[in-house]
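The chain contents come next:
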Amino acid sequence: MAATGDTRYEELSVEAADIRPHETTWQRVKKSGSVRLGGAALAVLLLIAAAAPWLGTVDPTMFDAGSRDLVPGKAGEMMTLDGDLLRHTFWFGSDSLGRDIYSRVIYGTRVSLFVGVVVALLSLVGGILLGLVAGYIRWLDGVIMRVMDGIMAIPAILIAIALVAMWRPSLSTVIIAIAIPEIPRVTRLVRSLVLTIREEPYVEAAISLGSSTPKIMFGHILPNTIAPLVVQGTFICAAAILIEAILSFLGVGLPPEIPTWGNIMAEGRIAFNEYPHTVFIPGIFLTVTVLAVNILGDGLRDTLDPKMAKRI
Amino acid sequence: MTAAKSGTGPVLDVRGLTIALPTHSDRPEAVSEVSFSVERGEIVCLVGESGSGKSVIAQAVMGLLPDSLPLTVGQVLLEGEDIAHAGRDRLRQLRATRMSMVFQEPMTALNPVMRCGDQIDEVLREHTALGPAERRAKILDIIREVALPDPERIVMSYPHQLSGGQRQRIMIAMALVLEPALLIADEPTTALDVTTQAQILELIKTLQARHGMGVLFITHDFGVVAEIARRVAVLRLGRLVETGDKDAVLKRPRHDYTIMLMNSVPDFKPHGRPIAPDQPIVLQTKKLDKTYAERGWFSARRVVHAATDVSLEVRRGQTLGIVGESGSGKSTVARCIVRLIDPTGGEVYIHGEEIARRSHRALRPLRRKVQIVFQDPYRSLNPRRTVGEAIIEGPVNYGLSRSEAFERARRLMDLVRMDAAALERYPHQFSGGQRQRICIARALAMEPELLIADEAVSALDVSVQAQVLELLEEIRERLNLAMLFITHDLRVAAQVCDHVAVMSQGRVVEYGPANEVFVSPRHAYTQALFAAAPGRDFAFGQA
Amino acid sequence: MYQFIARRLLSTIPVLAIVAVLVFMLLRLTPGDPAAILAGDAASTEQIEGIRKTLGLDQPLPVQFGIWLGQMLQGDLGESYYYKVRVTELIGQRLEPTLSLAALTIVIAILVAVPLGVVAAWRFGGWFDRALMGFSVFGFSVPVFVVGYLLVWLVSLKLGWFPVQGYKPMDDGFGPFLYHLVLPSITLSVIYIALLARVTRASVLEALGEDYIRTARAKGLTESRVLISHALANAAVPIVTIIGIGIALLIGGVVVTESVYAIPGLGRLTVDAVLSRDFPTIQGVILFFSLVYVVVNLLVDLSYVILDPRIRY
């Protein structure tokens, strides 16, 4: 190493520097086709949910015995609670009680989206707390993870069905019953992320820089778990929407008068042979919604968390 | 197909080879107009730093280029046949029969779920019509030829049951079982320990001489080149800068780049810098122990001794090197001293204060004094924090205001020869060498008294390595730091250390001034280790 | 090896214990008098008192758990108040349809999904890969009952190829048995195929990036050999793992599918029990399904030893 301070070093040794144009994460996310498609579809659905009363709907619980089992597009009359007679076109037909399926489907968007988002938030919060504790406090790790294993051994739908059956169905019990079986998955994810990231040299460097445990946990570890958690959150949202619909469809979910897509289909099963649209129309809405959330999740995973994208 | 074609032409003749890179890369071509040849019975070394395109050339010859790297111009003549544009099936026929390849990572290059014998057998079943008994005989023969013990057992083993060196022998056996005319070895010893490396190099030389094949040997390690090459071709950024006989290129380089490279290769001689006497002791370890106990429900407790009875001291302004092969316990010692792991026994003193048993709270004031730089420059910095945030984290922990800390960070950027504008940017915008400078600045921001470099230059190219070593040396001198330098690279150790501790299997087997240890090693292990160092007596860049 | 099996068997005990505690707590967490709930809506005061005595509901919680666990371990899941038979007997009667449905579904899913996943990984980024990924997102998103009704409407009502609903036990002959089971199995397999194809593709893709694949190609092997004996062989562990984990998904799907096709299996039993608030049956079915899940995943873990020689115990 004779040539000390030789300027030729700098010129000649062109180190393979990473000079690819680097975009910020947000730029990559915005460019993703999946994110755009899923996001746009969801935006439309959110708009529908928010604007439900102004989309030519009537009260989704209102029924009129004179307008039962109408085929889509047929006009009929409905008696409101005040006794007024209302001319109404049944775009999606009416059910066997004489309720307007169009109104019920539109209002059903509200229930589905609300359940999906709230379940995702609840299980993320629960899972992050438990996962951080399990990943950082070694003696609690065993206990927490065994309980999580136990919950995961019971199929999610069975837990939800059983809990709802015990508590009598309402919006809050349905949400909690769906969230509980999702928590172990988040806990596992957070714990494994914590255990991996805390072995990273940059975390070890922070330890030797004298950073406190909370500072390392919230400053170094948690920010690096956000991407996978956002992705996991969208997938939980999709699963929650599906499970809520299944509960309603099986007749064990929200009370039948509440307009949910599952309830509409459950009601439509009886006369499926003659009026398949009663099942198919809410089915299409449900599929499109879940598809939109899943496509959004796929796009986020590919852009936010490429490592995970390779895994599944 | 096994009969060698007669003829006197080169085994491999690469003419004007050009391989394109995808658009938006840092340069338009991975390899540009490269021409060289490999004669029958000679070893040609293709050398270059990362990004030089040396492995791409190997893949091009084998016809294994990914679609993203198309061969655009040029010829690849294998025994006179142009295979640059040969069809898929023709290439498949030629692989393993006329040309073979051995890869860098013996740990991952073999299929982990298939027995070694079956993996060699696949070659025979694909390319020959031999019956099972003949194939088996041939497999056992080649296993004997690569000097693996107990061939019957080896055939039945899975790769994970063999050591790294043994796996590389299996790879070589697989490559040579059909006696190809050309063997391409792509960094075949880089992942191996020094002593194993020496054995594999010897094996390749022996087999090459016995079978008279041409070998294209790809490496970044000039010690290995000195050991094995007859001719050398030097690549830089996809272009051939110099070719010639080994001695001509390594001792009398003509091209500026080659001259610079040769000057960057550390000599295998201690630097001979005088050691200032009577400096205060900064770090002292006494009988440091670290054991890992594996707890099993049914099996007996397995205890692993990662470090045993390690007693060392480092004085101010001096550098102690810990050298050893992988698994020798050298990093364990470093991590115990920084208290990233808790030692099981013994004592660690920093300026006379015992820290091995302190609680993490009581340790805090002393953490400042010991800082560490890690091996992997890509994982040592939090990807979500700017360089500036990374550097001020420590000082702010110890009560400095953010503005003062940033002021210090700016001064440090100057010290590590980087632009202060770098503080605003994120780690991914820097190269490996630059990141390592940032990590050094981060450590120095704590104003430590002991700096530990844990294989801090091992992941860097030789020219970048020279720059970072130079920087560390300068910093040690200017700040009068005590330095603990952990490395597997004996040349680097010779270059920077005042004292050396040689570790093997968790124990320090030899410990003394670098001058003595390097010139006249006393312990048998040290002697063997030094003897195995490739090109140890070769004088680079000296005409 | 035997040590490993013994150890793995023992390690299921904590999981099963936790499941038992959870199921036990389920009833106790319900608002209201557990004895009254267990006795059903039509029970007399004496009957409720009887139940309170036998289950020790007047005792402290740990004692109750002891009594309850003792009964469970003896295989006594109690008596269904709705069907008035032992729950174990009830589960036995409903086992065949559910088992047949699940088995046929898994077979269909593996046969379809694994080859699709391998080809998609091989042609990564191509039209086939993208189509399969598109299908798989769709498969995850479309609810089982929507698939079910779509198939019933199209294949049974319009084309008349398969029966609309119902189940024929195996005793009535294999032909009719299979004839009734095909549509439900296809319905149920959609989500499973989506999951399995995705994981197969991802694992094979990961294997294809490994060094030993480069070695295999450098040996001059044909692509099909590289794909099957090198890439797929190394992807086997994650694929089998997901088959095991997917059992939970499958059980959820069984509940819905049996409801759509009116198959008198355990899924239907679950829904009927919930609707009639038949707690001993709910409890029994949950315990049974959880046991199945644990046992299947135990078998999956044991299969690792065969699939990956690096896993030694």
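A few points on the structure. (Residues numbered from 1 in each chain as written. Chains lettered and ligands numbered in written order. Predicted model: local features only at pLDDT ≥ 70, side-chain atom pairs only at ≥ 80, totals over all residues. Heavy atoms only, no water.)

### A closer look at the overall build of chain C
So the rule is basically this: By definition, any uninterrupted DSSP run of H or I lasting at least four residues is a helix, any uninterrupted run of E lasting at least two residues is a strand, and each is numbered from the N terminus. Only protein chains enter the accessibility calculation, which uses a 1.4 Å probe; a residue is then buried when its area is under 20% of its type maximum, exposed when over 50%, and partly exposed in between. Pairs of residues are marked as contacts when any of their non-hydrogen atoms sit within 4.5 Å. All accessible areas in this document rest on Shrake-Rupley with a 1.4 Å probe, and a residue is counted as covered only by the protein chains that are shown. Two residue types count as positive, namely Lys and Arg, and two as negative, namely Asp and Glu; His and chain ends fall outside the count. Just so you know, the charge point we use is NZ for Lys, CZ for Arg, CG for Asp and CD for Glu.
A count of helices and strands for chain C gives 12 helices and zero strands. Element order for chain C, N to C, with α for helix and β for strand: α-α-α-α-α-α-α-α-α-α-α-α. With the C-alpha coordinates of chain C rotated into their principal frame, the extents come out at 80 × 55 × 35 Å. Relative to its full complement of 313 residues, chain C shows a buried share of 54%. Counting only contacts in chain C whose residues sit at least 6 apart along the sequence, the fraction spanning at least 24 positions is 69%. When the accessible surface of chain C is summed, it comes to about 13300 Å², and 69% of that surface belongs to carbon and sulfur atoms. Across chain C, the mean location of the 22 positive side-chain charges is 11 Å away from that of the 21 negative side-chain charges.

### A look at helix H10 (residues 223-261) of chain C
All names here are of chain C. Defined as follows: A helix is expected to reach a length of 1.5 Å times the quantity of its residues less one. Bend, in this description, refers to the angle at a residue between axes fitted to the seven residues ending there and the seven starting there.
For H10, with 39 residues, the first-to-last C-alpha span of 43 Å runs short of the 57 Å given by 1.5 Å per residue. The sharpest bend along H10 comes to roughly 45 degrees, located at Ala-236, with the proline Pro-238 sitting one to four residues further on. Once H10 ends, the next one or two residues include Ala-262, with phi positive near 50 degrees.

### Topic: the nonpolar core
Defined as follows: The set of buried Ala, Val, Leu, Ile, Met, Phe, Trp, Tyr and Cys residues whose side-chain atoms join them within 4.5 Å is what this entry labels a nonpolar core. For every domain, the bounds stem from an assignment made automatically or drawn from a database.
Counting residues in each nonpolar core, the largest one holds 165 residues, and the members touching the most others are A:Leu247 and C:Phe145. It is H10(C) that contributes the most residues to this core, 16 residues altogether. Both of domain 1 (2-73) and domain 2 (91-307) of chain C provide at least three residues apiece to this core. Beyond its immediate stretch of four places on either side in the chain, A:Leu247 contacts A:Ala160, A:Ile161, A:Val164, A:Val174, A:Ile178, A:Val252 and A:Gly253.

### Quick notes on the sheet that holds strand S3 (residues 43-47) of chain B
Residue and element names in this part refer to chain B. Here is the rule we go by: DSSP bridges decide pairing: two strands pair if at least two such bridges lie between them. A fitted line through C-alpha atoms serves as each axis, taken over the contacting stretch for helices, and the angle formed by two N-to-C directions is quoted from 0 to 180°.
The strand order across the open sheet built from six strands is S6-S7-S8-S3-S9-S10, with neighbouring strands paired in mixed fashion. Each edge of the sheet is formed by a strand with only one pairing partner; in this case those strands are strand S6 (99-102) and strand S10 (239-245). Neighbour-to-neighbour, the strand axes of the sheet open up by a mean angle of 15 degrees, direction not taken into account. When S6 meets strand S7 (residues 182-186), the two strands line up parallel, connected through four bridges. Bridging from a neighbouring strand, Met-99 pairs with Leu-182 of S7. The strands touched by helix H7 (residues 164-176) within the sheet are S6 and S7, with S6 carrying the most contacts at an inclination of about 170 degrees.

### Describing the environment of A:Val288
Within the secondary structure, A:Val288 is located in helix H12 (residues 277-304). A sequence separation of 99 residues divides A:Val288 from A:Leu189, and the C-alpha atoms of the two residues are 28 Å apart.

### Some thoughts on the interface of chain A and chain C
For clarity, the threshold we go by: Two parts placed together each lose some accessible area; with a 1.4 Å probe, that loss summed over both constitutes the buried area. Take a side-chain nitrogen of Lys or Arg and a carboxyl oxygen of Asp or Glu: if they are within 4 Å of each other, that pair is a salt bridge. Definition of a polar contact: a pair of N or O atoms within 3.5 Å, with one able to donate and the other able to accept a hydrogen when the atoms are protein atoms, and with sequence-neighbouring residues admitted only if both atoms are side-chain atoms.
Listed as interface residues are 44 residues of chain A and, on the opposing side, 46 residues of chain C. Taken over both partners, the interface formed by chain A and chain C buries close to 4000 Å², and the fraction arising from carbon and sulfur atoms is 78%. For the interface between chain A and chain C, the tally reads one salt bridge. Put simply, chain A and chain C have four residue pairs in polar contact (both at pLDDT 80 or more) between them. Put simply, the parts of the chain that give the side of chain A that touches chain C at least two residues each are helix H5 (138-153), helix H6 (156-167), helix H10 (226-250), helix H11 (261-269), H12 and helix H13 (306-311) of chain A.

### Thoughts on the environment of A:Ala52
Residues and elements named next belong to chain A. By the secondary structure assignment, Ala-52 is in the loop between helix H3 (33-50) and strand S1 (74-79). Residues Ala-52 and Thr-109, 57 residues apart in the sequence, show an inter-C-alpha distance of 8.6 Å. If we skip the residues at most four places from it in the chain, Ala-52 touches Thr-57, Ile-106, Tyr-107 and Arg-110.

### What to know about the state of the cysteines
Residue and element names in this part refer to chain B. Our working definition: Our working definition of a disulfide is a cysteine sulfur pair at a distance within 2.5 Å.
Taken as a whole and assessed by the stated rule, the structure comprises zero disulfides over all chains. Of all cysteine sulfurs in the structure, the one in Cys-336 sits closest to Cys-497, which takes part in no disulfide; the separation is 20 Å. Residue Cys-497 is classed as buried on the basis of its relative accessible area, which comes to 1%.

### Some details on the pairing of strand S18 (residues 482-487) of chain B
Residues and elements named next belong to chain B. Just so we agree on the cut-off: The path from the first strand over the helix to the second decides the hand: if it runs clockwise while the strands point away from the viewer, the crossover is right-handed.
Buried residues dominate S18, accounting for six of its six residues. Sheet analysis places strand S13 (residues 319-323) next to S18, joined by five bridges and oriented parallel. Among the inter-strand pairings, Leu-320 is bridged to a residue of S18, identified as Leu-484. Sheet topology note: the strand S17 (residues 450-454)/S18 ladder contains five bridges and is parallel. Bridging from a neighbouring strand, Asp-454 pairs with Ile-486 of S18. Regarding topology, helix H17 (residues 462-479) serves as the crossover connection from S17 to the parallel S18, and that connection is right-handed.

### As for unusual backbone geometry
Residue and element names in this part refer to chain B. A positive phi angle, close to 50 degrees, is found at Glu-187, a residue other than glycine. Looking at where Glu-187 falls in the secondary structure, it is placed in the loop between S7 and helix H8 (194-211). Look at Asp-309: it is not a glycine, yet its phi comes out positive at around 50 degrees. Mapped onto the fold, Asp-309 is located in strand S12 (residues 302-315). Under the relative-accessibility criterion, Asp-309 is labelled partly exposed at 35%.

### Some remarks on the sheet that holds S18(B)
Residue and element names in this part refer to chain B. A sheet is described by the order of its strands in space; here six strands give the open sequence S16-S17-S18-S13-S19-S20, paired in mixed fashion. A single partner strand is all that each edge strand has here, and the edge strands are strand S16 (370-373) and strand S20 (507-513). This sheet shows a mean twist of 15 degrees between the axes of neighbouring strands, independent of strand direction. With four bridges joining them, S13 and strand S19 (residues 499-504) adopt parallel strand pairing. When the sheet's bridge partners are listed, Ile-322 is paired in S19 with Ala-501. Against the sheet, helix H12 (residues 330-337) engages S13, S16, S17, S18 and S19, with an angle of about 145 degrees to S18.

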